[in-house]
Amino acid sequence: QEVVLKLHQFLPAQSFVPANILDPWADRIEAESQGRIRIERFPAMQLGGKPADLVDQMQDGVVDIVWTLPGYTPGRFPRTEVFELPFMVRDAEGASRAFWQLAQSDMRDADFKDMHLLGAWVHGPGVIHSARPVARLEDMAGLKLRAPSRATTRLLEQLGAVAVGMPVPAVPEAMSKGVIDGALLPWEVTSSIKVQELVGHHTEFPGRGVYVATFILAMNKDVYEGLPQDLRAVIDAASGEGFSAQAGRLQQGADAPQRQVAADRGNAIVTLDAAEAARWETAAAPVTAAWVAELEAAGIDGQALLDKARGLLAQNAN
Amino acid sequence: MDRLIRQIARLSALAGGVVLLALVGMICASVLGNATLKLAQMAWVQSTLPGLAEGMRAAGIGPIRASYELVEIGVAFVIFAFLPWVQITRGHAMVEVFTARLPARADAALAALWEVLMAAAMVLIAWRLYAGMLGKVKNAETTFLMQIPLWWAYAACLVAACLAALVTLWATVAALRRAARAWA
Amino acid sequence: MSDLGLGFLSFPVLLALIFARAPIGLAMLICGAGGLTLLTGSPNIVLAKLKTETFSTFSNYNLSIIPMFLLMGQFATLGGMSRALFRAAGAFVGHLKGGLAMAAVGACAGFGAICGSSLATAATMGQVALPELRRAGYSGGLSTATLAAGGTLGILIPPSVVLVIYAILAEQNIAKLFLAAFVPGILAALGYALAIALYVRRHPEAAGSAPALPLRARFAALLPVWPVIVVFGLVVGGIYGGWFTPTEGAAVGAAGTGLIAWATGGMSWRGVQDAILETARTSAMIFFIILGAASYNSFLAFTRVPQELSSFVVGQGFSPWAVLWLILLVYLILGCLMDSLSMILLTIPIFFPVIMGLDFGMTPEATAIWFGILVLIVVEVGLITPPVGMNLFVIAAMNRDVPISATYGAVLWFVAADLIRVALLVAFPAIVLVLI
Ligand code: NA
Ligand code: NA
């Protein structure tokens, strides 16, 4: 072995993303490097720290590669939040392409300047999973829901719910102890953390996700740049826009079976009708406006970024 | 000097206690608000007193929105603030069964050794916490809801960690003196 | 030296440090940080990890339950509530030899039902019950051993954090696992009561006893404790009823006992200060151990020792039952040095598929649940097996006047009860599966 790379992430090894996206990616690199690269995989925060510590661990060289959500470290990746704004995304594959393209054009030297980005994608449309039924905007009042990011936190508060920020692995414990009444999550992750058993109601937004969260697979910059040219080429070939788009597609593809698990258990799955959806959009409008204003205050042209993201989403739509 | 150091450790622990009591108070307020709101949202209350739940929410009655993250930050400070007291009162867990019959000289030397290493650990922790704080200043990380800059929390903990380092260093000096006397 | 060699070498080094009277947390920190430095050839990784991980170890919502319950225990002592409670318990069972220690085990079981952590259960109940046991004439060794063992009920009686994690790793139903843990949890409490009965038969001087009281006097002893019972009822009922979380319950309990102490005039400014200082001492002691354990466990994960140890067991080609016993033995050994959660996270992904690939004559789901409960129990036994056990250390640190050798001697009776229970559950899986 010439190079051993440590990949650290927060989900158990057999969860969907580690098993179906990260492992194949790592296996491919190991094979195409003729065994010169070995990727040691450490799931479930085995090497210590909390999920929010992953980015620091990678930048400080504690590990070489991390898979994480920019949303776990609010304030650190302000531009990535454009895809997490309410009701933005219909299909994860196109949105992942859009995210990767925008990351290359607008975030490379900003949000991602201290790392080498390997993949950037979003999951399938996010759904509200709750212990109480949510069919109308009013049902959100006082509901304590887990939010994955700052944008969703604001969305929940605009809709009258109480947002609790926590990473995915903390959700089942919090649900089983009643810390939260439910969670915003894509279907794909639900059965691996027992959501269908812990709550009985699921609310979908017609046509689009209530939200999506962004993911990044990123590598320590010095480690990447210190690799010989040919090994870098192997990693490059397995990563980038194609990999990101495929990751988005796989994740959304895993939604349907999990939705079926909920249906088979007899859980109630509600899709908001058009009139109700319009009320939600109106109620959520201030979230996007506030995000734009906040970025402007930080000296970033938020409106331009938002327009560009919408353009890329339309352009890459399937 | 002994009295001063002990007093510092005591005040630090009491400061931690005050924050802990504040967290307890906040959680109780949140629980109470949550319970009243849930009562007001029950079907028969909604039908007999329509608008009560909405009115209560508008008045800010309900679970406290940032309770979770305030507890997370608060308890970190509480524990850091408690550290000087456990140092000065020698409250750490240890196994004394195999060292009970050591001669006085060896015993004093061993005690000094652990105090030195403990001081090194405490200084290391405080120093790295400082580095961590600088990192959080640089990358502008905040909490989810209140958007409290994380470095504020780090800074508060850093003060307590420095006190813990100071107290431990003092205990080390004392232990070294005792060891020197035993060997003299 | 190879990574694995370094990992295995760290066990005896850690033991040596602990036996040489190093503070437990410090010993683990030294082995973790030192080991990682040797492993990576530079201190950089250790220095980088310490930047954020001390803070994130302490900044933990679920662990915030520890200082809050400790504060509740202090207030309960301040208001004379714990004494009144034990006096009431003593009125009913005090005339039985060892009865009060059995009541303490019952109290641990009750507390374990609302708390997911063994260390927290041992520390909180220790604070309330230890002085009362000593006052009633129980020997130091029996008192500390009872509470260290009682503390392990915290993770056995649902809800249990470790079971939730197991359910996720093994893709099993949480509700069924909770149900399955119920009978073994009761058996554990009964086994401990039996251990106490046998111990005091052997050492009659270790337990005080009082004359039996008439029924009227027994109920009269209940009168002064009703406010405490109300607070405990509120805390337990509130958590079970979903009105609040365990952390919220701890806060409500601390506030409730604080108010009672204040109302009964037991709370002076001086008293509050002492309560805070005592809470500070015990909380910081526990969190320092947690910090050391986090550092040491992360080092072990870097060396891949738990993973390699697991694959070694798997690779030997033994019979299913031999493999099972070997796995349980590995957990017992690791349990001496690691905390339950890290151990489960590191090893279940390897052991679980192995167990599922073997034929124990049960359905896959039954096997998974049965194995989970067995692992849970063995991991907990590790917390009280001498010479190294987290619960033993915590309780010992709270009672400096009791030599730890006395605790060691008495706790072996409880360990024996545990091992007999494990053997029973291995031989008769139906005990685990009866409720599901
Ligand atoms: Na429990
Ligand atoms: Na042990």
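What you see is a predicted model; the values in this text were computed from it and never measured.

1. A closer look at the overall build of chain C
At step 1: On a plain count of helices and strands, chain C comes out with 22 helices and 0 strands.
At step 2: On C-alpha atoms alone, chain C measures out to a radius of gyration of 22 Å, which is about the 22 Å that the 2.2 N^0.38 rule sets for 436 residues.
At step 3: Dimensions of chain C along its principal axes, counting C-alpha atoms only, are 65 × 50 × 45 Å.
At step 4: Residues counted as buried form 63% of the 436 residues belonging to chain C.
At step 5: Sequence separation of at least 24 residues holds for 79% of the intrachain contacts in chain C that already meet a minimum separation of 6.
At step 6: Surface summary for chain C: the accessible area is close to 14,600 Å², and the carbon and sulfur share equals 71%.
At step 7: Counting 18 positive and 15 negative side-chain charges, chain C places the centres of these two groups 14 Å from one another.

2. Observations concerning the interface of chain B and chain C
At step 1: Every contact between the two is made by 56 residues of chain B and, on the other side, 55 residues of chain C.
At step 2: Summing both sides of the interface, chain B and chain C together bury roughly 5,200 Å²; the carbon and sulfur share of this comes to 78%.
At step 3: Along the contact surface separating chain B from chain C lie 1 salt bridge.
At step 4: Among the ionic pairs, Asp107 of chain B bridges to Arg21 of chain C, the shortest N-O distance being 2.7 Å.
At step 5: When contributions to the side of chain B that touches chain C are tallied by element, the ones reaching two or more residues are helix H1 (2-40), helix H4 (67-88), helix H5 (104-139) and helix H6 (150-183) of chain B.
At step 6: In terms of residue class, the side of chain B that touches chain C is made up of 41 nonpolar, 7 polar and 8 charged.

3. Focus: the sheet that holds strand S1 (residues 3-8) of chain A
Residue and element names in this part refer to chain A.
At step 1: Strand order in the open sheet formed by 5 strands is S2-S1-S3-S10-S4, with mixed pairing between adjacent strands. Each of the sheet's edge strands pairs with one partner strand only, and the pair in question is strand S2 (37-42) and strand S4 (116-122). Pairwise comparison of adjacent strand axes, ignoring direction, gives a mean angle of 15 degrees for this sheet.
At step 2: By the bridge criterion, 6 bridges tie S1 to S2 in an arrangement that is parallel. Within S2, the position partnered with His8 by the bridge is Phe42.
At step 3: Together, S1, S2, strand S3 (65-68), S4 and strand S10 (214-219) form the strand contacts of helix H1 (residues 16-32), whose direction differs from that of S2 by roughly 160 degrees.

4. Some words on the interface of chain A and chain B
At step 1: Facing the 29 residues of chain A at the interface are 19 residues of chain B.
At step 2: On the surface where chain A and chain B come into contact, there are 4 salt bridges.
At step 3: A salt bridge links Arg76 of chain A to Glu141 of chain B; its shortest N-O distance comes to 2.9 Å.
At step 4: Along the contact surface separating chain A from chain B lie 4 residue pairs in polar contact (both at pLDDT 80 or more).
At step 5: For the side of chain A that touches chain B, the secondary structure elements donating two or more residues are strand S6 (144-147), helix H4 (150-158) and strand S7 (162-165) of chain A.
At step 6: Here the residues of the side of chain A that touches chain B are counted per class, giving 10 nonpolar, 8 polar and 11 charged.

Analysis parameters
- Residues numbered from 1 in each chain as written.
- Chains lettered and ligands numbered in written order.
- Predicted model: local features only at pLDDT ≥ 70, side-chain atom pairs only at ≥ 80, totals over all residues.
- Heavy atoms only, no water.
- Helix = DSSP H or I, 4+ residues; strand = E, 2+ residues; numbered from the N terminus.
- Rg over C-alpha atoms; globule rule 2.2 N^0.38 Å.
- Buried < 20%, exposed > 50% of the residue type's maximum accessible area, 1.4 Å probe, protein only.
- Contact = heavy atoms within 4.5 Å.
- Areas by Shrake-Rupley, 256 points an atom, 1.4 Å probe, with all protein chains shown as cover.
- Lys, Arg positive; Asp, Glu negative; His and termini not counted.
- Charge placed at Lys NZ, Arg CZ, Asp CG, Glu CD.
- Buried area = accessible area lost by both parts, 1.4 Å probe.
- Salt bridge = Lys/Arg side-chain N within 4 Å of Asp/Glu carboxyl O.
- Nonpolar A, V, L, I, M, F, W, Y, C, P; charged D, E, K, R; others polar.
- Pairing = 2+ DSSP bridges.
- Axes fitted to C-alpha atoms, helices over the stretch in contact; angles between N-to-C directions.
- Polar contact = N/O pair within 3.5 Å; in protein donor to acceptor, adjacent residues only side chain to side chain.

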